[in-house]
Amino acid sequence: MKFFLDSAIVDEIAYALDTFDIDGITTNPRHVQVSGKPFMSVIKEIANLVEGTEKTISVEVNPHIMDTAEMIAEAEKLAAISANFVIKLQCVEVAFKAIKTLSEQGIRVNCTLIFSAMQALQAMRSGAYYISPFIGWKESNAEDVQQFIEDVSIIRDNFNFDTEIIVAAVRNARQIADAAVAGADIVTAGLQVYQDGFDHPYTQKGIKIFSDFWDKTQYE
Ligand code: E4P
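Just so it is clear, the structure is predicted and the values come from calculations on it, not from any experiment.

Engineer: Looking at this structure, how should I read the packing of aromatic side chains?
Structural biologist: Each pair of aromatic rings is reported with the distance of its centres and the angle of its planes. Within this structure, the stated rule accounts for 11 aromatic pairs. Chaining the aromatic ring pairs together yields one cluster made of Phe3, Phe20, Tyr194 and Phe198. Against the face of Tyr202 rests Lys205, its NZ or CZ located 5.4 Å from the ring centre.

Written as structure tokens, this is what we have:
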């Protein structure tokens, strides 16, 4: 399973690339706003970090755009900036023809804001390179996300779609493990979610116990 970092903070992305070799980056308008930088500047900075690698950066088209031709034009403009960019289009009816047209041109699309298996199926039918089902938002709404991701994975496999499933809006390590079990290809989460997941209270407890014994033992 691939680990993507969900962030537009350049220092954080550089740290995660260096420390645990994240496989890709996902951004959204909230992350860009939090970075404090203009959209175009920050996506170019992120592109510089992974230039020459296969790592993808998902960059989101202006969410106000609700017209297929405008979506295509904006996606083409963004895709021309970096070979690493995958263009995020929200899962709405006018996006499906845009996804198809762009994918036929070799421009990869991440169909985002997916909350149902039906939306996932249609995005895959349209040729999406990635689909992003958001599980955190559904869990907050008391919905069963495990069955959802399993259903999306089964549909993908039943029809041999090439689309990769990015489980998004991930809040904790249990959700990452669940996504892996359910057949997702990728998870995307913030740095703190990974760091919390890499640690465990018993690991810290064990370090303390063994350090105490170490201190009472001669080395040679
Ligand atoms: C995924 O690509 C999204 O950027 C992300 O996971 C959105 O969820 P959040 O902003 O609620 O974490």
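Engineer: Any chance you could explain the site of the ligand here in plain terms?
Structural biologist: Around the ligand lies a shell formed by Asp6, Thr26, Asn28, Arg30, His31, Lys88, Phe134, Trp137, Ala168, Ala169, Arg171 and Thr188. One of the side-chain N or O atoms of Lys88 is found 2.7 Å from an oxygen atom in the ligand. With the chains in place, 93% of the 340 Å² that the ligand exposes on its own is no longer accessible. Using a 2 Å cut-off from the grid points, one finds that the ligand occupies the largest pocket. Listing elements by their share of the shell around the ligand, those giving two or more residues are helix H2 (29–35) and strand E7 (164–170). Class assignment for the residues of the shell around the ligand results in 4 nonpolar, 4 polar and 4 charged.

Engineer: Can you help me understand the layout of surface pockets in this one?
Structural biologist: Over the atoms rolls a probe the size of a water molecule, and its path tells where empty space is left. The volume enclosed by the largest pocket comes to roughly 440 Å³. The wall of the largest pocket is formed by 31 residues, among which Asp6, Asn28, Arg30, His31 and Phe134 lie closest to the centre. Secondary structure elements with two or more residues in the lining of the largest pocket: H2, strand E4 (85–90), strand E5 (109–114), E7, strand E8 (186–189) and helix H10 (191–198). Sorting elements by how many residues they give to the lining of the largest pocket places H2 first, with 4 residues. Looking at the lining of the largest pocket residue by residue, the classes come out as 14 nonpolar, 11 polar and 6 charged.

Engineer: Got a minute to help me understand the packing of helix H6 (residues 117–126) against helix H8 (residues 145–158) in this structure?
Structural biologist: How two helices sit against one another is set out by the angle between their axes and by the gap between those axes. It is at 9 Å that the axes of H6 and H8 come closest, and there the two elements cross at 30 degrees. Viewed along their axes, H6 and H8 adopt a mutual orientation that is roughly parallel. The handedness of the crossing between H6 and H8 is right-handed. Counting all contacts with H6, which are made through Ala117, Ala120, Leu121 and Met124, the residues of H8 involved are Phe148, Asp151, Val152, Ile155 and Arg156. Partitioning the contact of H6 with H8 into residue classes produces 7 nonpolar, no polar and 2 charged.

Engineer: How should I be thinking about the pairing of strand E1 (residues 2–6) in this particular structure?
Structural biologist: Look at any regular strand and the pattern is simple: side chains alternate between the two faces of the sheet. Across 4 bridges, the pairing between E1 and E8 is parallel. Bridging from a neighbouring strand, Leu5 pairs with Ala189 of E8. Both E1 and strand E2 (residues 24–26) contribute to a ladder of 3 bridges, which runs parallel. Bridge pairing in E2 places Phe4 opposite Gly24. With helix H1 (residues 10–20) bridging E1 and the parallel E2, this β-α-β connection has right-handed handedness.

Engineer: Looking at this structure, how should I read empty space enclosed by the protein?
Structural biologist: Enumeration according to the criterion identifies 1 cavity of 30 Å³ or more in this entry. Considering the residues around the largest cavity, the lining is formed by Glu60, Val61, Asn62, Pro63, Ile65, Met71, Lys88, Leu89 and Gln90. With 3 residues, the single largest contributor to the lining of the largest cavity is E4.

Engineer: What is the right way to look at the pattern of salt bridges in this model?
Structural biologist: Once their charged atoms are close, side chains differing in charge can pair, the charge on each being opposite to the other. Here the structure, examined in full by the defined rule, presents 11 salt bridges. A salt bridge links Glu104 to Lys100, with the shortest nitrogen-to-oxygen separation between them at 3.0 Å. Here Glu104 pairs with Lys100, and both are found in helix H5 (residues 93–104), just 4 residues apart, close to one helical turn. Among the residues examined, Glu104 registers a relative accessible area of 61% and is labelled exposed. Accessibility expressed as a relative area gives 45% for Lys100, which makes it partly exposed. Close ionic contact of Arg156 with Asp185 constitutes a salt bridge, the shortest N to O distance being 2.7 Å. With Arg156 in helix H8 and Asp185 in the loop between helix H9 (173–182) and E8, this residue pair connects regions lying 29 residues apart in the sequence.

Conventions adopted
Residues numbered from 1 in each chain as written. Predicted model: local features only at pLDDT ≥ 70, side-chain atom pairs only at ≥ 80, totals over all residues. Heavy atoms only, no water. Phe/Tyr/Trp six-rings, centres within 6.5 Å; stacked < 30°, edge-to-face > 60°. Lys NZ or Arg CZ within 6 Å of the ring centre and 35° of its normal. Near = heavy atom within 4 Å. Polar contact = N/O pair within 3.5 Å; in protein donor to acceptor, adjacent residues only side chain to side chain. Areas by Shrake-Rupley, 256 points an atom, 1.4 Å probe, with all protein chains shown as cover. 1 Å grid on protein atoms, 1.4 Å probe; cavity = no way out; pocket = protein on both sides within 12 Å on 5 of 7 lines; lining within 4 Å. Sits in = over half its atoms within 2 Å of the grid points. Helix = DSSP H or I, 4+ residues; strand = E, 2+ residues; numbered from the N terminus. Nonpolar A, V, L, I, M, F, W, Y, C, P; charged D, E, K, R; others polar. Points joined across faces, edges and corners; volume = space filled by probe spheres on them. Axes fitted to C-alpha atoms, helices over the stretch in contact; angles between N-to-C directions. Parallel < 35°, antiparallel > 145°, perpendicular 65-115°, else oblique. Left-handed = near helix turned anticlockwise from the far one by under 90°. Contact = heavy atoms within 4.5 Å. Pairing = 2+ DSSP bridges. Right-handed = clockwise from strand over helix to strand, strands pointing away. Salt bridge = Lys/Arg side-chain N within 4 Å of Asp/Glu carboxyl O. Buried < 20%, exposed > 50% of the residue type's maximum accessible area, 1.4 Å probe, protein only.

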